[in-house]
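Residue-level structural notes
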Amino acid sequence: MKVSAFASQTAKAPLTPFNYNLDAIGVNEVTLQVIACGICHSDVHMMDNDWGIAQFPIVPGHEVVGEVVEVGSAVSHLKKGMRVGVGWQRSACLSCPECLSGKENLCDANEGVIVGHHGGFASHVRVDSRFAFPLPEGIDSLHAGPLMCGGITVFSGLRQAGMTSGQRIGVIGVGGLGHMAVRFAKAMGNSVTAFTTSASKVEELGRMGADEVIVTEGGRLVKKPSKPLDIIISTVTAPLELGAYLEALGADGTLSMVGVGSETVTLPLMSLLGKRRRFMSSPIGGRGEITQMLNIAETFNVKPTIEVFPMAQANEAIDRVRKNTVRYRAVLKV
Ligand SMILES: NC(=O)c1ccc[n+]([C@@H]2O[C@H](COP(=O)([O-])OP(=O)(O)OC[C@H]3O[C@@H](n4cnc5c(N)ncnc54)[C@H](OP(=O)(O)O)[C@@H]3O)[C@@H](O)[C@H]2O)c1
Ligand SMILES: [Zn+2]
Ligand SMILES: [Zn+2]
């Protein structure tokens, strides 16, 4: 099958049209005809080879919504014509202790959709069928993509940090991930404090349900939240004054980092010790969590606020992501 796509040929290069052929389908694989694809900041990190793992040419795109058009001979749970979502992960071994306990995202053999494979800025994408998730009817195709990476990352990052309901949740950075963190935390019955560098986002954060908004100066927290927080999730890559954020947590509070740059961080251990606070990080989410997240998104009407671009305007959309002017997730439509 011939795939028409957009690819960067080298690190930091703009996207240009790129065609490639898909080989014969594997027994457990599925091919999707792309309907829409969200743009995650990780696509930009990969295009720039910030993490040193990109292989060029790279076709970005890992918030994919597509229609199943081809199924491998061993696939029985997906049929042609079904609408599915795919996130960062395209496969795992499914037999290691992590996979067998529903933590496929922590599998040593996990493969990324855009790591050594071509992603969703394209007419078609191929993945392991066990990582293509049937989408609930109540979630439309343009809103579903961002849930598949950004949504699951903040949902899992908050849940693994201990989020239930009735808690005080802080969210650092109100971009694609951050605005979905605000919505999930609110929908699940929590009070939310948002930390943003963008004063222009304050009003809309109120409409999103944030109870308190603190405008920060870059990574500097200039004002403490009115009450200690139970969990803070950081969705920014830029360096933060972590000590100040730790001090904004109450006893047994957790700082969960999902936006992670390549820098090494230093933590004031006395801030952790004195109130038994925790510091953690978290990648995407397991398959069970993805299914749960989609159900919660449908039930509580949690959806991203999106700006839709035709796939042919992918470069324009990427530029807007780089400039932090997208409100709040760009989605490419085929
Ligand atoms: N852990 C995982 O599995 C996982 C999954 C997906 C993405 N990620 C990572 O998460 C990060 C966020 O992704 P995204 O798609 O949400 O990006 P995004 O839409 O570009 O949002 C990032 C937000 O960070 C804030 N920010 C930008 N520059 C900043 C600075 N210099 N200092 C402080 N804050 C700044 C901005 O929010 P304000 O305007 O509100 O300040 C911006 O909207 C990326 O690094 C991405 O690679 C991780
Ligand atoms: Zn992503
Ligand atoms: Zn495994």
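About the thresholds
Residues numbered from 1 in each chain as written. Chains lettered and ligands numbered in written order. Predicted model: local features only at pLDDT ≥ 70, side-chain atom pairs only at ≥ 80, totals over all residues. Heavy atoms only, no water. Near = heavy atom within 4 Å. Polar contact = N/O pair within 3.5 Å; in protein donor to acceptor, adjacent residues only side chain to side chain. Helix = DSSP H or I, 4+ residues; strand = E, 2+ residues; numbered from the N terminus. Nonpolar A, V, L, I, M, F, W, Y, C, P; charged D, E, K, R; others polar. Domains from an automatic or database assignment. Donors = N, O, S within 2.8 Å, 3.2 Å for Na, K, Ca; no water. Tetrahedral: all angles 85-135°; square planar, octahedral: opposite > 155°, others 65-115°. 1 Å grid on protein atoms, 1.4 Å probe; cavity = no way out; pocket = protein on both sides within 12 Å on 5 of 7 lines; lining within 4 Å. Points joined across faces, edges and corners; volume = space filled by probe spheres on them. Contact = heavy atoms within 4.5 Å. Buried area = accessible area lost by both parts, 1.4 Å probe. Salt bridge = Lys/Arg side-chain N within 4 Å of Asp/Glu carboxyl O.

To continue, consider the site of ligand 1. By nearness alone, 28 residues border ligand 1, and Thr196, Thr197, Ser198, Thr237 and Arg329 come closest of all. Backbone polar atom of glycine 176 to an oxygen atom of ligand 1: 2.8 Å apart, as the coordinates give it. In terms of residue count, the dominant contributor to the shell around ligand 1 is helix 1 (residues 41–47) (three residues). Within the shell around ligand 1, the residues separate by chemical class into 10 nonpolar, 16 polar and two charged. Here the shell around ligand 1 spans two domains, since at least three of its residues come from each of domain 1 (2–149 + 284–333) and domain 2 (162–281).

The next thing to look at is the coordination of the zinc ion (ligand 3). Each protein donor to the zinc ion (ligand 3) is listed here as Cys93 (SG), Cys96 (SG), Cys99 (SG) and Cys107 (SG); together their distances run 2.3 to 2.4 Å. Its four donor atoms give the zinc ion (ligand 3) angles of 104 to 118° at the centre, a pattern that matches the tetrahedral case. Each donor residue of the zinc ion (ligand 3) lies on one chain, and together they are spaced C-x2-C-x2-C-x7-C. Separated by 14 residues along the polypeptide, cysteine 93 in the loop between strand 6 (89–91) and helix 2 (97–100) and cysteine 107 in the loop between helix 2 and strand 7 (111–112) bring together distant segments of the chain.

Glancing now at the coordination of the zinc ion (ligand 2). Protein-derived coordination of the zinc ion (ligand 2) comes from Cys40 (SG), His62 (NE2) and Cys149 (SG), at a distance range of 2.0 to 2.3 Å. Going along the chain, you hit the donors of the zinc ion (ligand 2) in the pattern C-x21-H-x86-C. In this pair, cysteine 40 is assigned in the loop between strand 3 (29–39) and helix 1 and cysteine 149 in helix 3 (residues 141–160), connecting sequence segments 109 residues apart.

Of the voids in this model, the largest pocket is the one considered here, and its volume is about 1100 Å³. When contributions to the lining of the largest pocket are tallied by element, the ones reaching two or more residues are helix 1, helix 3, helix 4 (176–187), strand 11 (191–196), helix 9 (314–322) and strand 17 (329–333). Within the lining of the largest pocket, the residues separate by chemical class into 22 nonpolar, 24 polar and four charged. Residue-level mapping places the lining of the largest pocket at the junction of two domains, with at least three residues from each of domain 1 (2–149 + 284–333) and domain 2 (162–281).

Turning next to empty space enclosed by the protein. Counted under the stated rule, the structure contains one cavity of 30 Å³ or more. Each pocket or cavity is described by its volume, and for the largest cavity that value is around 70 Å³. Lining the largest cavity are Gly87, Trp88, Gln89, Phe131, Phe133, Met148, Ile152, Ile284, Gly285, Arg287 and Ile290. For the lining of the largest cavity, the elements supplying multiple residues, two or more each, are helix 3 and helix 8 (287–299). Residue classes in the lining of the largest cavity are distributed as seven nonpolar, three polar and one charged.

With that settled, the discussion passes to the domain arrangement of the chain. By the assigned domains, the chain splits into domain 1 (2–149 + 284–333) and domain 2 (162–281). Facing 16 residues of domain 1, the contacting portion of domain 2 comprises 17 residues. The largest contributions to the domain 1 side of the interface with domain 2 come from Val302, Arg327 and Tyr328, which together make up 40% of the buried area. Summed over the shared surface of domain 1 and domain 2, the number is zero salt bridges. On inspection of domain 1 and its partner domain 2, the count reaches seven residue pairs in polar contact (both at pLDDT 80 or more). When residues of the side of domain 1 that touches domain 2 are traced back to their parent elements, those giving at least two are helix 3 and helix 8. The element best represented in the side of domain 1 that touches domain 2 is helix 8, accounting for three residues. A breakdown of the residues in the side of domain 1 that touches domain 2 according to their chemical character gives 10 nonpolar, three polar and three charged.

In this section: the pattern of salt bridges. Per the counting criterion, the structure on display carries 13 salt bridges. Ionic pairing is found between aspartate 48 and arginine 322, a salt bridge with its closest N-O pair at 2.7 Å. Taken together, the residues span a long stretch of sequence, with aspartate 48 in the loop between helix 1 and strand 4 (64–71) and arginine 322 in helix 9 at a distance of 274 residues. Note that aspartate 252 and arginine 276 form a salt bridge whose closest N and O atoms lie 2.7 Å from each other.

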